[in-house]
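Working through the structure, step by step
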Amino acid sequence: MRPATATRRSRALLGGLALVACAPEPEPAPPVPEAMVRRLTAFEYANTVRDVLGVEAALTREFPADPPALGFDTVAASQPPSALLVQIFQHSAESIAAATLASEPARAALMACTPDPADPAPCLRAIVEPLLTRAWRRPPSDSETDRYLALVDPAELDAGLRLVIEAALLSPHFTFRWEHDAGAPGESRWLDDYALAARLSYFLWSSAPDDELLALAAVGELQREPVLAEQVERMLADPRSAGFVDGFAGQWLYFRGLDDIFRDAHRYPRYDDTVRESMREAIRRRFREFLVPGRDLRDLLLDTHAHVDAELAALYYLPDELAVDDFTRIDLGPHKRRGLLTEPGLMTVLAYPFASAPTRRGRFVLEQLLCSPLPPPPPEAAAQAESDASTARERLAQHRANPACAGCHAILDPIGLAFEHFDAVGAWRGSEHGELIDASGELPTGEPFSDVRQLAEIVADDPRFPRCVATKVLTYALGRPLVADDQPVLEDILQKFITADRDLVALLVAVVQSDPFRVRRAQEAP
């Protein structure tokens, strides 16, 4: 343990003990909807193994894909049980246990002491108990620790510890995020501090609580709202906040989808695995700028800078002196780009393999930024027919001539066509098949725009944008659909977000301080 961490933990323990001694009885918990137990996603599993044991969970690449619900793979309803996954968990646990004992740093972190041959029990307990605490996100009971100690023969220490690690990782206390259902079925109760620490860490890190969170949980101090606010800022400043960037923003802003995007090398010679990773990193860096207090999230859409490396500099048609290997933050100045909506990575995800996709791009704005989804197309709606039209604008005008398609496309097309200057890999173009591109339009609500930069201004100022962001964040944090009873909470969170000038950190603090984040309803008997 690093000295700074030890000092913080000591202060937390001493301060917390004083508070616990004089703390009043908590108020009854407000009612909240019942929530299913959540399984670790492959992403969370890998992060947790890395942070608990210090090794990579290599086999997570072979885990079945975690299907999303409501836009996020952390929603419990999208995580059905699977016999195949149980088998993969077993193989993964065996691989991780072997890697832990073979890695000198990981082994040193595990071995808190060397067992005395004359009396090995105290040392073995000092090894096993902290391991279970970190892996299960709570201290084990004495009986649980005793069962795991029974797996260790001091004469065969490595073999025994390997069994302990495998069993700990195969336990549902590791693979699932169990929250103890205190009270009668259907009764809402405040989460215990360890469960709250786990909710907080998986929300902001997609990983297990660290020593500081566990120390605060041990003394009951984590329940205090000022402490929660302090922890949010601390955790966002930690490198592990990459878990929130990839876990939340990667799904909200679609850049996780770049993994599945391939392009014809002859038609798009600039696009390859290297530029695809650069596209993803550029969006990460843009979003990460808002994980510090004081940034207005509207600037996610309005900023006039970009993060580029040598790969992206070519795609941006930048001068050679800006084509450096490391990422550089540049002012776009006269370039015809602005903010997230012109990121090459986003334009690539929202395109067809050989062409732009105005309908996909318009749907992204409506669904991901404004939370205004369109209804499914009617049964009589037809796929877009082959056309000899030169431009996407002409092709879509022909498609809207079908009355069954006109209703949705009248909303989607003006928004999507604003992106037509960007091809299937997000490179800027002035024409399509020799015809100059017209990116102007008018929203159904009447606001005109000349291109995507003006569209970004309209979306950023739309009152649906902050509401949509708050809805997405709360859904991701709770891992369940929002219901009617959540609406007053959502309104309170939204007002705090707006009052703080759309500061994302203030939004995250409001979410973790909200009742639904800190309360659990005991599951009803089946």
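Look above for the structure.
Points about the state of the cysteines
Enumeration over the complete set of coordinates arrives at two disulfides. Covalently, Cys113 is tied to Cys123 through a disulfide, its sulfur atoms 2.0 Å apart. On the sign convention where negative means left-handed, the S-S torsion of about 115° between Cys113 and Cys123 marks this disulfide as right-handed. With Cys113 in the loop between α4 (104-110) and α5 (121-136) and Cys123 in helix α5, the pair connects residues that are ten residues apart, well separated along the chain. A residue is classified by how much of its surface remains accessible, and Cys113, at 24% relative accessible area, is partly exposed. The disulfide bridge from Cys371 ends at Cys468, spanning 2.1 Å between sulfur atoms.

With respect to the side chain of Glu281
Following the sequence through the fold, Glu281 ends up in helix α13 (residues 273-288). Of the residues examined, Glu281 reaches a relative accessible area of 17% and is grouped as buried. Leave out the neighbours within four places in its chain, and Glu281 touches Arg288 and Phe327.

With respect to a negative patch on the surface
A cluster of acidic residues, Asp272, Glu311, Asp325 and Asp326, forms a negative patch at the surface. Position of Asp272 among the secondary structure elements: in the loop between α12 (242-252) and α13.

Comments concerning unusual backbone geometry
Unusually for a residue other than glycine, Leu70 sits at a positive phi of about 60°. A positive phi angle, near 70°, is found at Tyr254, a position not held by glycine. Examined against the element boundaries, Tyr254 turns out to sit in the loop between α12 and α13.

Points about the pattern of salt bridges
Opposite charge on two side chains lets them pair, provided their charged atoms get close. Going through the model one piece at a time under the given rule, you end up with 41 salt bridges. The partner of Arg453 in a salt bridge is Asp451, and the shortest N-O contact between them spans 2.8 Å. Its relative accessible area of 27% is what places Arg453 among the partly exposed residues. Shared partners join several salt bridges into a network, and the residues in it are Asp246, Asp259, Glu277, Arg280, Glu281, Arg284, Arg285 and Arg288.

The rules we used
Residues numbered from 1 in each chain as written. Predicted model: local features only at pLDDT ≥ 70, side-chain atom pairs only at ≥ 80, totals over all residues. Heavy atoms only, no water. Disulfide = S-S within 2.5 Å. Helix = DSSP H or I, 4+ residues; strand = E, 2+ residues; numbered from the N terminus. Buried < 20%, exposed > 50% of the residue type's maximum accessible area, 1.4 Å probe, protein only. Contact = heavy atoms within 4.5 Å. Patch = residues over 30% accessible without salt bridge, like charges linked within 9 Å, V, L, I, M, F, W, Y side chains within 5 Å. Areas by Shrake-Rupley, 256 points an atom, 1.4 Å probe, with all protein chains shown as cover. Salt bridge = Lys/Arg side-chain N within 4 Å of Asp/Glu carboxyl O. Lys, Arg positive; Asp, Glu negative; His and termini not counted. Charge placed at Lys NZ, Arg CZ, Asp CG, Glu CD.

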